[in-house]
Amino acid sequence: MAGDGQVTLGQTVIKGNARKVRRIGPKSAILAGFAGATADAFTLLERLEAKLERYPDQLERACVELAKDWRTDRYLRRLEAMMAVADAHRSFTLTGNGDVLEPEDGIIAIGSGGNYALSAARALIDIEGLTAEDVARRAMKIAGDICVYTNHSVRVETLGGETE
């Protein structure tokens, strides 16, 4: 999972090296990335971790339970963020509309540059010899080249380790 580091307020870049991709859950076996309002994203990350504690080794159920809360809870409903969540077997996009979406090709992209990164990753995924990390890095570079709200300060987290 890869994320850029750009945080903007309106049209102004506030920070260029934010950490938008993190390890969560038991044994840090789950990767979570976010886009949107930072405080909202951290609130959702905390809530997802609580759901993972309640439903260990059940990522999908934890995501569905969070999505239910996010859609029905008056406080959570106002949060403006999206999340990408993955374990070794599955990946999901979570939205405030109550969506828990599992892509058919395993590729997820969120945020301002998400559609650029998604398109690039889909074009790169079938190139022989490229690892998932290679695809993610190249897709993020393309997104950063195109989208003014995406930069090249990319952080990649893999289930086997972390790379800058």
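Cut-offs and rules
Residues numbered from 1 in each chain as written. Predicted model: local features only at pLDDT ≥ 70, side-chain atom pairs only at ≥ 80, totals over all residues. Heavy atoms only, no water. Buried < 20%, exposed > 50% of the residue type's maximum accessible area, 1.4 Å probe, protein only. Helix = DSSP H or I, 4+ residues; strand = E, 2+ residues; numbered from the N terminus. Pairing = 2+ DSSP bridges. Lys, Arg positive; Asp, Glu negative; His and termini not counted. Salt bridge = Lys/Arg side-chain N within 4 Å of Asp/Glu carboxyl O. Contact = heavy atoms within 4.5 Å. Patch = residues over 30% accessible without salt bridge, like charges linked within 9 Å, V, L, I, M, F, W, Y side chains within 5 Å. Areas by Shrake-Rupley, 256 points an atom, 1.4 Å probe, with all protein chains shown as cover. Charge placed at Lys NZ, Arg CZ, Asp CG, Glu CD.

S.K.: Looking at this model, I keep getting lost on the pairing of strand β6 (residues 81-86). Mind explaining?
M.R.: Side-chain direction in a regular strand flips from residue to residue, so the side chains alternate between the two faces of the sheet. Burial within β6 is extensive, with 5 of its 6 residues counted as buried. Two strands pair when backbone bridges link them, and strand β5 (residues 30-36) and β6 are joined in this way by 6 bridges, in the antiparallel orientation. From the neighbouring strand, Gly-33 faces β6, where its bridge partner is Ala-84. Note: β6 against strand β7 (residues 91-94), 4 bridges, orientation antiparallel. Across the sheet, Val-85 pairs through a bridge with Phe-92, a residue of β7.

S.K.: I keep staring at the side chain of Asp-40 and nothing clicks. Help me out?
M.R.: Tracing the sequence through the fold places Asp-40 in helix α1 (residues 38-54). Here Asp-40 sits buried without a salt bridge, and the closest side chain of opposite charge, Arg-78, lies 10 Å off (N-O distance). When residues no more than four places from it in sequence are discounted, the contact partners of Asp-40 are Arg-78, Leu-79, Glu-80 and Ala-81.

S.K.: How should I be thinking about a positive patch on the surface in this particular structure?
M.R.: A contiguous patch of positive charge on the surface is contributed by Arg-71, Arg-74, Arg-77 and Arg-78. In this fold, Arg-71 is placed in helix α2 (residues 59-72). With a relative accessible area of 48%, Arg-71 lands in the partly exposed category.

Everything listed is a geometric property; what it means functionally is a separate question.
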